[in-house]
Amino acid sequence: MRQYLLLTCLFLPFLVLAQTAVVTGVVRDEENKPLPDVSVVVLGVPGSASTGANGGYSITVPAGKAIHLRFAYPGAANVDTMLTLKPGETRHLDAVVRSRTITSVVVTNERLRDAGIDKLNARTSHFQPSLGDVNSLLQGSLGVATRNELSSGYNVRGGNFDENLVYVNGIEVYRPFLVRSGQQEGLSFPNPDMIERIHFSAGGWEPRFGDKLSSVLDIQYKRPREFSAIVSGSLLGGSVAVGSAMAHQRLRQITGFRYRTLSTILKGLDTQGDYVPTYTDLQSYWTYDLSDKVELGFLGLYSRNRYDVVPQDRETELGNFNQALRYTVYFDGQERTAYETFSGALSLNVRPSKELLLKFTGSAFNTYETERMDILGEYLLGELDRDLGSEQFGEVVRDLGIGAYLDHARNSLEATVIAATHTGSLHHGENGELQWGLEARTERIQDRLSEWYMLDSAGYSIPQSSGDVLALNTSVKSQINLESVRTSAYVQNAWEWKQGRDRSWALVAGVRAQNWSYNGQTVVSPRVRIAWHPGWRKAVAPGDTVARDYSFWFATGLYYQPPFYRELRDFDGVLHPEVKAQKSIHFILGMDRQFKLWDRPFKFTTEAYYKALSDLNPYELDNVRIRYYANNSAKGYAAGIDMKLNGEFIKGVESWASLSVMKTMEDLAGDFYYHTYNAAGERTDAPDTKDRTPVDSVRVEAGYIPRPTDQRVNFALFFQDEMPRWPTFKVHVNLLFGTSLPYGPPNESRYGDTLRTSLYRRVDIGFSKQLLGAPGQEKTGVLRHIKDLWISLEVFNLINLNNTVDYTWVQDVQGRYYGIPELLTPRRLNLKLLARF
């Protein structure tokens, strides 16, 4: 008996070990940072483990039966996982622990897929070679096209920038109203250093988002749980963002300051002069837990964008070998533009129960914009010698046009928007969620317009005057005061039905309504979206399968865009209260697949869409300024397909590539013209016609014509790489390609905009070296407070290609018009230093 007892004692540990397994992994927070001191337990089993400084853990668990593994952290929601392990198995399991703040309902990745929302990584903007605007992250999103590196604007599936919704912490934000060019815009509202998450939808979005035609960008700022800071400086400016948690993490704040100057960039433009662009903003976001169920929040912003320029001269060469031209201008005068913005929002989040969340928000926005300009330009248009054997090759041999213009503006605008909002959400059943919202918003616009443009060609003012009155080429003088109230409401519900292993259906349906007091119109927008996860699996060995993670969806809905101030004002500065909401019916069919390649995560997404447009308000693009006709005289459509592949081509570093093919057209009511014929039946406007006396005419209906944003093909690539032997040295490449856009001479005849711009081609590259914070690197003294330190060299427009943003129109002595391209920035260098604490 003693011998049997001795053998049992010797082999008991091995018998117990044979009935256990091991789970290891890393626990991180929402920002993908390792989270120490997380408790890891198996419910119903004595003992526990905790994560170390690097977030790693290892725990022994029972084998051969289902176990309930829980990750717990103070102030955070528990993460529960069900597992069944074989005896002796070692399973690697990573987890993400989210803070339990009283805020919006935590949206899972599956919920985002069902809602058609793309989740972007804000940290990428720190290394993407660009001017530091968060909107550069959208370049690879479905349906997004950008053609101006100086502007924060972007187009989505044939729409203009006014058709995009932008939210920060649930507050709708605006772009300057008087802006004419990208260099005047300055800093956009979102601060990349303060962003926790970015969600984007290119169409078919839920009723909880507002009333626009093209897209939604939803940004949420951070709620820090510990001290952190980001400091950056470059030749283009600098920024500081500091976050902290106080009062036992009940009080949290993050504050950011940005300063930018584009002097070194703008000096490369064709127009030489003294550029003094200065853009600054200060933002602060605070949250405080009044109790475990009530949170108070405040978001404040002050920004000032100022753009001063004293132009000196400009020289632009254009045309081709058959007719090479040179456009030369000598300037006198200056331009001064300033935008000053205040914004504030106070929110109260209440969670009476685990299932119910109520949010109440009051916000105010005020902007004061001024534009002062007096610029005299005296120009020469000459033809260049194209004889390669001539001593004057490349020099002007014949003057085609000579003249001058005087551009005058004394414009000011003040806009104030005050809003009160209530939103709520209620989880019901096993996988149901009901959401609703109400908003009342007052808008006040005070606009003072005083601008005119005088054009003199070869000593004659255009248009030619008669008598003692001098007729100006364009003249706008008006004083506008607009006060109105908007009210809106929505309700939606989400359902999910699980049908076995990894297979499910999801449905989101709801309706949204809005009323505007100025035109008295009420619009109602029903929207529905259905998603299917088939749960397909692939056999890799007998009895062994792996998941093939596919998702398919279809979305449709009626989307209105009630007019704001600019849609009401025509070219002459007159308001038209009869303008109604533009309308679009979305039909979207899409799919995505999440998979692993080289044992790294990848995702492929594609969507085909058709948008039926009606009651359109036609417009023309003048650089970045959108000038509306202020009527609902058009109908149209937009159709296309978008594709995107993103993933870790290099482990731990995300890259992406996207391709869009799109066509958008419109038909303006009453858009017609006449062809005139002489007595011989020849067109009088034909180049070889000698008799130009019209005796007959035929009316021609213009029909469908390309919309101003009809860019048929767009390709974007962002690729990050690192040196195999030097992982702290990385390379970031950003490539953009876009086909031409339609344009035409400056008039109100849209059918004449049949010309096409040149292609948009741009390559930016950045080289980054991590100086501090690499794995295994020791830091002592003051340096131990620096988490990581990077230095970057950026080369903008690496190939130095000329891209056109707009055209200046001049007339020669025979009355022919020439479009002189307004070129964007050439190759430029930037040196940047980034530190995280």
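What you are looking at is a predicted structure, and each value in this text was computed from that prediction instead of being measured.

Rules and cut-offs
Position labels on residues start from 1 in each chain and follow its written sequence. At least 70 in pLDDT is required for a residue's local features to be given in this predicted model, at least 80 for side-chain atom pairs to be given and counted, and no such filter applies to totals for whole chains, interfaces and linings, which use all residues. Hydrogens and water are ignored here; the side-chain numbers use all heavy atoms of the structure. Helical segments are the DSSP runs of H or I of at least four residues, strand segments are the runs of E of at least two, and each set is numbered from the N terminus. For every residue, the accessible area (1.4 Å probe, protein chains only) is compared with the maximum for its type, and the residue is labelled buried under 20%, exposed over 50%, or partly exposed between those bounds. Here a polar contact means two N or O atoms within 3.5 Å. Within protein one must be a hydrogen donor candidate and the other an acceptor candidate, and residues neighboring in sequence count only if both atoms are side-chain atoms. The contact criterion used is simple: two residues touch if any of their non-hydrogen atoms lie within 4.5 Å. By this definition, two strands are paired if DSSP reports at least two bridges between them. Just to be clear on terms, a salt bridge is a Lys or Arg side-chain nitrogen sitting within 4 Å of an Asp or Glu carboxyl oxygen. Orientation is described by lines fitted to C-alpha atoms, with helices fitted over the stretch in contact, and by angles between N-to-C directions that extend from 0 to 180 degrees. Pairing of aromatic side chains requires ring centres within 6.5 Å, counting the rings of Phe and Tyr and the six-membered ring of Trp. Pairs whose planes differ by under 30 degrees are stacked, by over 60 edge-to-face, and all others tilted. Throughout, nonpolar core names a set of buried Ala, Val, Leu, Ile, Met, Phe, Trp, Tyr and Cys residues whose side chains join them through atoms within 4.5 Å. When charges are counted, Lys and Arg are positive and Asp and Glu negative, with His and the chain ends excluded.

S.K.: Help me understand the side chain of Thr689, please; the structure alone is not making it clear to me.
M.R.: By the element assignment, Thr689 lies in the loop between β38 (672-677) and β39 (696-701). With relative accessibility at 7%, the residue Thr689 sits in the buried group. Of note is the side chain of Thr689, whose polar atom sits 2.7 Å from the backbone oxygen of Arg683. Ignoring any residue separated from it by four or fewer positions in sequence, one finds Thr689 in contact with Asn678, Glu682, Arg683 and Thr684.

S.K.: Sorry if this is basic, but what is going on with the pairing of strand β34 (residues 619-622) here?
M.R.: Regular strands have side chains that alternate between both faces of the sheet. As paired strands, β34 and strand β35 (residues 625-628) are joined by four bridges and run antiparallel to one another. Residue Asp622 lies in a different strand from β35, and its bridge partner there is Arg625. Here β34 folds back onto β35 in antiparallel fashion, the turn holding two residues, of which Asn623 has a positive phi close to 60 degrees.

S.K.: Sorry if this is basic, but what is going on with the pattern of salt bridges here?
M.R.: Close approach of charged atoms allows side chains with opposite charge to pair. A full pass over the atoms with the stated rule returns 46 salt bridges. For Arg208, the salt bridge goes to Glu206, with nearest N and O atoms at 2.5 Å. Across the pair Glu666 and Arg707 runs a salt bridge, and its minimum N-O distance is 3.3 Å. Linking Glu666 in strand β37 (residues 653-668) with Arg707 in the loop between β40 (704-706) and β41 (713-722), this pair joins segments that are 41 residues apart in sequence. No difference in accessibility class separates Glu666 from Arg707, as the two residues are buried. What you see here is one network of salt bridges that share partners, running through Arg157, Arg529, Glu607 and Asp642.

S.K.: Help me understand the sheet that holds strand β5 (residues 66-72) in this model?
M.R.: Two orientations exist for strands paired in a sheet by backbone hydrogen bonds: parallel and antiparallel. With antiparallel pairing, four strands are arranged side by side in an open sheet as β3-β2-β5-β6. With one partner strand each, in any of the chains shown, β3 (48-50) and β6 (79-84) form the two edges of the open sheet. Across the sheet, the axes of successive neighbouring strands diverge by a mean angle of 20 degrees, strand direction being ignored.

S.K.: I would appreciate a short explanation of the packing of aromatic side chains in the present structure.
M.R.: Two numbers describe a pair of aromatic rings. These are the distance of the centres and the angle of the planes. All chains considered together, the criterion is met by 32 aromatic pairs. Taking 5.0 Å as the distance between ring centres and 40 degrees as the angle between the ring planes, the aromatic pair formed by Tyr174 and Phe365 counts as tilted. Taken together, the positions of Tyr174 in the loop between β13 (171-172) and α3 (182-185) and Phe365 in strand β22 (residues 356-384) put the pair 191 residues apart, joining distant regions of the chain. The exposure class of Phe365 is buried, given its relative accessible area of 11%. Measuring from ring centre to ring centre gives 6.0 Å for Trp532 and Trp536, while their planes differ by 90 degrees; the resulting arrangement is edge-to-face. Looking at Trp532, the relative accessible area reads 27%, which means it is partly exposed. For Trp536, a relative accessible area of 37% puts it in the partly exposed group.

S.K.: It is not clear to me how unusual backbone geometry should be interpreted in this structure. Could you clarify?
M.R.: For residues besides glycine, phi is generally negative; the peptide bonds are generally trans as well. A positive phi is found at Arg157, a non-glycine position, where the angle reads about 50 degrees. Summarising the element assignment, Arg157 is placed in the loop between β11 (155-156) and β12 (164-168). Overall, Arg157 belongs to the buried group, its relative accessible area being 3%.

S.K.: In this structure, what is going on with the sheet that holds strand β15 (residues 215-221)? I would like to understand it.
M.R.: Taking strand neighbours across the sheet as the criterion, the five strands line up as β9-β14-β15-β12-β13 in an open arrangement whose pairing is mixed. Bordering the open sheet on either side are β9 (118-120) and β13, each of which pairs with just one other strand. Relative to strand β14 (residues 195-201), β9 is paired through three bridges, and the arrangement is antiparallel. Bridge pairing in β14 links Asp118 to Phe200.

S.K.: Before we go on, may I ask you to explain the nonpolar core in this structure?
M.R.: Generally speaking, nonpolar side chains in soluble globular proteins are found buried as a group. Within the largest apolar cluster, 27 residues are counted, with the highest numbers of intra-cluster contacts made by Tyr154, Ile198, Phe200, Leu217 and Tyr221. Contributions of two or more residues to this core are made by β12, β14, β15 and β20 (294-319). The contacts of Ile198, once residues within four sequence positions are left out, are Asp118, Lys119, Leu120, Ala122, Val134, Leu137, Leu217, Asp218 and Ile219. Grouped together as the second largest cluster of nonpolar side chains are 21 residues, Tyr57, Val61, Ala63 and Ala95 included.

S.K.: So what exactly am I meant to see when it comes to the side chain of Asp385 here?
M.R.: With respect to the element layout, Asp385 can be found in the loop between β22 and β23 (396-428). One buried charged residue, Asp385, forms no salt bridge at all, with the nearest opposite charge on Arg386 at 6.9 Å. Contact partners of Asp385, with chain neighbours within four places excluded, come to Ser390, Gln392, Phe393, Gly394, Glu395 and Val397.

As far as function goes, none of this settles anything; it's purely spatial.
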